[in-house]
Amino acid sequence: MSSGNYTNIPVEDSAFTVIDVETTGLSATKNKVIEIGMVRVEKMKIVSRFQSLINPQTYIPGFISQFTGISNDDVSDAPLFEDLADEILSFTENSILTAHNLPFDYSFLKNEFKLCGYETPQFQTLCTLKLSRRIFPFLKSRSLGSVAMHLKIKNSDAHRALADAETTARILIKLTKQLKKENNISSLQNLLDYQSNIGTRPILKIKKDLVDDVGSVPDAPGIYYFLNKKNEIIYVGKAKSLRERMKSYFSVSAQRKPKKIVKQASRLKIEITNSELTALLLEAELIKKINPKHNTQLKSYGNKYFLRINTTHKVPDLEITNYFDFDGNDYFGLFTTKKKTKLLFDVLAKTFEVRECNDKELAKGKGCFLKDIERCTAPCLSDPNNMIRYKEELNHVYEFLGGKNQTALNRLLNKMKLHSTQQKYEKAAEVKELLDLILAQVHKNSLLAEPINNAKVVFEIDSDWGKDYLLMLEGKIFIKKYLLDKKDYFDEVLDDYFNCTIQNDMLPSEEDLEKMKISLNWLIKNRNKVRTFYLKDYSTKHELYLALSSYITSQHAPSETTFEVSSLLNQI
């Protein structure tokens, strides 16, 4: 469809061609298309598909091949764009050209047509990225993958043109249905205007004093509660910025769930915390205690995994477990998915020469193929030097898990160089993948220099609003001036530790492990805001407190504010 007025055309009677292109680079004028995928949507259903590799008549860079899976060999016999131009024009005829980040795909399409000598086609366009930015302001990313995941749309072949185009088409169908239901957008013109924020009808009428009311909420982390007329809490949430979160609830473009909560709420209560971490911990604990009807997540304890070094075995080995105990073994983690734990386990197995056999196989005293490929020092054999080397390897494992990965990097670099010298390029490539993995991912799991079951450490969290102090002591978490604690256990536990008082209930509960999971994940991601103090480095609590910067004066006093929801908005 060319540009025009579509006021009376219903969205469901409109035709859309959803397009995706894979290219040799990011510049439409300097790079070329190597694959095109198109999906035709009519009556809000996918009716036809088109896909073709395209010979760009230029070299495909290695990183593009790695990203898309399309090699120079794949396109050597593929048609040129000019061979497909007429078919592409026919497929897109009388439709709205649609893509996720449409300016990118459209710029390549126009340039390819221009190079073929065709007059640049003029389409009416729709961008699902623009729609997503308006509909999902709360998503950290509105990339195709993030939006698809949010809408529970699976893409089995990401970064291939047809798969991405079909994923975009399914996103388009879901978004248009949602907009019709929630925003009364039924005509094509309404939809085209909505993506550019033109003339859309607000669902909520915002009172003039809203800016003053919600604007008085500080730009601080904290938690918030919506309460109904019976003073029952119907929703609990956390926010990195309470002000911005409140704006998202009381805006004309608020999403369906926030609108529903606001409609049923009578009062809004907010509580400020010193950091985002304590807001996260409070939210998780309050949801389990209160069980608000609009909170569908965090009501149960999630999965937790550890990497265990079985030091109680004659020859210690590594194992993945979801069990935590003070059984003489060392536990590292904690990890939220088994996949992440397995990833680290594989890195350790491929980098260090530690055994992977079970105790029964070890007892046979026979070397296995891992010894032959230098993946184990063979401590099962009678040679005492093998056990000495094994202990050295195990020490390197501990160093790596404590965040010191230089030994691993040096070892892998030397392996890669050796394989390259021997022209074993496939093996060199495998080692390089391992190196990239360590540099890109594994370091994100390292925070503590001690096994988690033995960790005795205070974290000082320095946020823009204030400071929080978190004590991790053998699997339990204690927070200074925690809102839900009846007394300050933080100081009491530190006193017990420095006075060598024995604790009788130190085995962590599910609640402790949940706090640990939330805390470690946040601390790792925000390590630039965190300072770590190991208790073993201090002889008294006073000495520890001297090391903690601005300990008392830096903390804001807890602050609480309540609003009447009816004073913030009126329903039309």
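Use the structure listed above.
Everything in this summary refers to the structure shown in the same document. Remember, it's a predicted structure, so these values are computed and weren't measured experimentally.

Now for the packing of aromatic side chains. Ring pairs (aromatic) are described by centroid distance and by the angle formed between their planes. Applying the stated rule across the entire model yields 11 aromatic pairs. Taking the centre distance of 6.1 Å and the plane angle of 65 degrees together, the rings of Y106 and F123 count as edge-to-face. Of this pair, Y106 sits in helix α4 (residues 102–115) while F123 sits in the loop between α4 and β5 (125–127), placing them 17 residues apart in sequence. For the pair Y106 and F123, a shared accessibility class is recorded, and that class is buried. When the centroid spacing of 5.8 Å and the interplanar angle of 70 degrees are considered together, the rings of F332 and Y398 count as edge-to-face. Of this pair, F332 sits in strand β12 (residues 330–335) while Y398 sits in helix α16 (residues 384–401), and the two are 66 residues apart along the sequence. Overall, the relative accessible area of 5% leaves F332 in the buried class. Judged by its relative accessible area of 24%, Y398 falls in the partly exposed class. One aromatic cluster is present, formed by F81, F113 and Y118 through successive ring pairs. Directly above the aromatic system of Y106 lies the positively charged group of K110, at a separation of 4.6 Å from the ring centroid.

On the surface, K45, K152, K174 and K177 cluster together to form a positively charged patch. Inspection of the secondary structure puts K45 in strand β3 (residues 45–53). We classify K45 as exposed; its relative accessible area is 58%.

To continue, consider unusual backbone geometry. A positive phi angle, close to 60 degrees, is found at K152, a residue other than glycine. Turning to its location among the elements, K152 is positioned in the loop between α6 (144–150) and α7 (161–183). Unlike most non-glycine residues, H159 shows phi in positive territory, near 70 degrees. On the secondary structure map, H159 appears in the loop between α6 and α7. Residue H159 is classed as partly exposed on the basis of its relative accessible area, which comes to 32%.

We now examine helix α17 (residues 406–421). Taking 1.5 Å as the rise per residue, α17 with 16 residues should run 22 Å; its terminal C-alpha atoms sit 22 Å apart, in good agreement. Every buried residue belonging to α17 is among A408, L409, L412 and H419, and all of these are buried. All buried residues of α17 project into a common sector of 95 degrees when viewed along the axis, lining one side. Counted as exposed and oriented over 90 degrees from the buried face of α17: K417 and T421. Immediately beyond the C-terminal end of α17, within one or two residues, lies Q423, with a positive phi of roughly 60 degrees.

About the criteria used
- Residues numbered from 1 in each chain as written.
- Predicted model: local features only at pLDDT ≥ 70, side-chain atom pairs only at ≥ 80, totals over all residues.
- Heavy atoms only, no water.
- Phe/Tyr/Trp six-rings, centres within 6.5 Å; stacked < 30°, edge-to-face > 60°.
- Helix = DSSP H or I, 4+ residues; strand = E, 2+ residues; numbered from the N terminus.
- Buried < 20%, exposed > 50% of the residue type's maximum accessible area, 1.4 Å probe, protein only.
- Lys NZ or Arg CZ within 6 Å of the ring centre and 35° of its normal.
- Patch = residues over 30% accessible without salt bridge, like charges linked within 9 Å, V, L, I, M, F, W, Y side chains within 5 Å.
- Areas by Shrake-Rupley, 256 points an atom, 1.4 Å probe, with all protein chains shown as cover.
- Salt bridge = Lys/Arg side-chain N within 4 Å of Asp/Glu carboxyl O.
- Lys, Arg positive; Asp, Glu negative; His and termini not counted.
- Charge placed at Lys NZ, Arg CZ, Asp CG, Glu CD.
- Expected span 1.5 Å × (residues − 1).
- Arc of directions from axis to C-beta.

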